[in-house]
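Structure at a glance
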Amino acid sequence: MAGKQRVSYFYHPECPLFYYGPSHPMKPHRLKLAHHLILSYGLFKEMDCYRPHPASAGEMTQFHSEEYIGFLSKIGPDNLRQFGASMQRFNAGDTTDCPVFDGLFQFTQLYTGASLDGAVQLCQGQSDICINWSGGLHHAKKAEASGFCYINDIVLAILELLKVHARVLYIDIDIHHGDGVEEAFYTTDRVMTFSLHKYGDFFPGTGHISDIGAKDGTGFSVNAPLQNGITDENFFEDLFKPIMAKIMEVFQPGAIVLQCGADSLTGDRLGCFNLTLKGHAACVKHVKSFGVPTLVLGGGGYTIRNVARCWAYETAVLLDREDVPNDIPYNDYYEYYAPEYQLHLTPESSMENTNRKDVLEGVRIELLQQLQDLQGAPSVAMQQVPPPFRRQEPEDEEGGESTEAKGNESDKNQRETRSGDSTRKAHAAEMYDRID
């Protein structure tokens, strides 16, 4: 792609403050660690940084059922007894892996809003790459929470992209199969899902190589089932790179959504792969090389210091700054990286790679044949593009339109400062969280 790609970064300072509970492996706090690494490496200076809007219930019901969204918006730790039957129906509560915690719905609004904002920017051509590390919660179903995920921001973002793009490719390098996204688009040929994941006695138990889609979507679900201990070379060179080349040739997507779950890294609390940051990020770099509008999301990852390392490094890769120093710069969470205080990870030498070469070769051949059998990239009839969701601007005290909204009509890209010289004034601590 000619020229430097424009990168947008979405982060809400309240998103890391939510807490699943003391014994729960999902820690939103990892977002703050990643954000501070991005700050201390100076990467934020090379991106357009945005605070996302909280997604509304109306936006969420573009995929999820109204009953499920109504349940999530009302449930809280103080009224659990009122929703006993609903909790069982929607797979939430202390007996599941999706607990009800304080501010649950607000948390889903923030990470979902960031993914939708990124998708809208890509649709409008305002950015080439949009990053939302708080998103990527790929297990949530239409009317059911699953695998620490409540709202499937990925499906909602893909639906937004489909308003403009005839075909969208979804790629998932989380150790868990992206079942929620695959299920949502299992019968359509407009979305191809490509997931590399641990398969066997492992959550969610789906993603067999023979799961290829149904009806119009037959052949458009691509699953690479893997076993414990897979290394960078096996993961990227043997599978990801050749399969991606064939997908891009056959499917020709107009946009890509890349889920970068960090639980596929070596040393993850719940994972069993042996990937390093460089192997994981090689997938990100390869996707970037195609020059297709891309939404980059987070996902799993339960050794939070390594999650932060991974997403900060992958931010650098997306900015063509993969040569960032291995020594971690001092930041508010510096001691989390003791005792090495280094960015990159070394694979565990004691972990056995149980992925035999002949089995991986068989997976690669079968998937390439599946893609070869597709009848070319599907087309879509010309039709009017639906408008993106519009958020109502706040009115001024006199009940009229806000000053900012009026200014937007005349020039949507101008933001005047108080001095009126139209120059952007950056505060020294601009991208740090406010202290209450």
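Our structure's up above, just so we're on the same page.
Considerations on the state of the cysteines
In the structure shown here, the tally under the stated rule is zero disulfides. Just so you know, Cys283 is unpaired, no disulfide at all, and the nearest cysteine sulfur is the one on Cys260, 8.4 Å from it.

Considering the environment of Ile75
As for its position among the elements, Ile75 is in the loop between α3 (66-74) and α4 (84-89). In this structure, the C-alpha to C-alpha distance between Ile75 and Leu104, residues 29 residues apart in sequence, is 8.2 Å. Excluding residues that lie within four positions of it along the chain, Ile75 makes contacts with Leu80, Phe83, Met87, Val100 and Leu104.

So, the packing of helix α8 (residues 232-251) against helix α11 (residues 357-372)
Interaxial distance between α8 and α11 falls to 10 Å at its minimum, and their mutual angle equals 5°. Taken together, the axes of α8 and α11 are roughly parallel relative to one another. Contacts between α8 and α11 involve Asn234, Asp238, Leu239, Pro242, Ile243, Lys246, Ile247 and Val250 from the first element and Lys357, Leu360, Val363, Arg364, Leu367, Leu368, Leu371 and Gln372 from the second.

Overview of the side chain of His165
One can find His165 in the loop between α6 (153-161) and β4 (168-172). With a relative accessible area of 13%, His165 lands in the buried category. For His165, the contacting residues outside a window of four places in its chain are Leu122, Arg190, Gly254 and Ala255.

Overview of helix α1 (residues 30-40)
Among the 11 residues of α1, 10 are classified as buried, and the element is accordingly described as predominantly covered. All of the buried residues in α1 are Arg30, Leu31, Lys32, Leu33, Ala34, His35, His36, Leu37, Ile38 and Leu39. Once α1 finishes, Gly42 follows within two positions and takes phi at roughly 75°, a positive value.

Points about the pattern of salt bridges
For the structure shown, the criterion picks out 12 salt bridges. Between Lys288 and Asp320 there is a salt bridge whose closest N-O contact spans 2.9 Å. Here the residue Lys288 occupies a position in helix α9 (residues 277-288), and Asp320 occupies one in the loop between α10 (304-318) and α11, the gap between them amounting to 32 residues. With a relative accessible area of 13%, Lys288 lands in the buried category.

Section: the side chain of Asp268
Here Asp268 shows up in the loop between β7 (255-259) and α9. Although Asp268 is buried, it makes no salt bridge; Arg30 carries the closest opposite charge, 7.4 Å away. Polar side-chain contacts of Asp268 include one of 2.9 Å to the backbone nitrogen of Leu270. At a separation of 3.4 Å, a polar atom in the side chain of Asp268 contacts the main-chain amide nitrogen of Thr303. Sequence-distant contacts of Asp268, defined by excluding residues within four places in its chain, comprise Ala262, Asp263, Gly301, Tyr302 and Thr303.

Observations regarding the packing of aromatic side chains
This model, assessed by the stated rule, comprises 21 aromatic pairs. Among the aromatic side chains, those forming a connected cluster through ring pairs are Phe18, Tyr20, Phe101, Phe107, Tyr111 and Tyr150.

Cut-offs applied
- Residues numbered from 1 in each chain as written.
- Predicted model: local features only at pLDDT ≥ 70, side-chain atom pairs only at ≥ 80, totals over all residues.
- Heavy atoms only, no water.
- Disulfide = S-S within 2.5 Å.
- Helix = DSSP H or I, 4+ residues; strand = E, 2+ residues; numbered from the N terminus.
- Contact = heavy atoms within 4.5 Å.
- Axes fitted to C-alpha atoms, helices over the stretch in contact; angles between N-to-C directions.
- Parallel < 35°, antiparallel > 145°, perpendicular 65-115°, else oblique.
- Buried < 20%, exposed > 50% of the residue type's maximum accessible area, 1.4 Å probe, protein only.
- Salt bridge = Lys/Arg side-chain N within 4 Å of Asp/Glu carboxyl O.
- Lys, Arg positive; Asp, Glu negative; His and termini not counted.
- Polar contact = N/O pair within 3.5 Å; in protein donor to acceptor, adjacent residues only side chain to side chain.
- Phe/Tyr/Trp six-rings, centres within 6.5 Å; stacked < 30°, edge-to-face > 60°.

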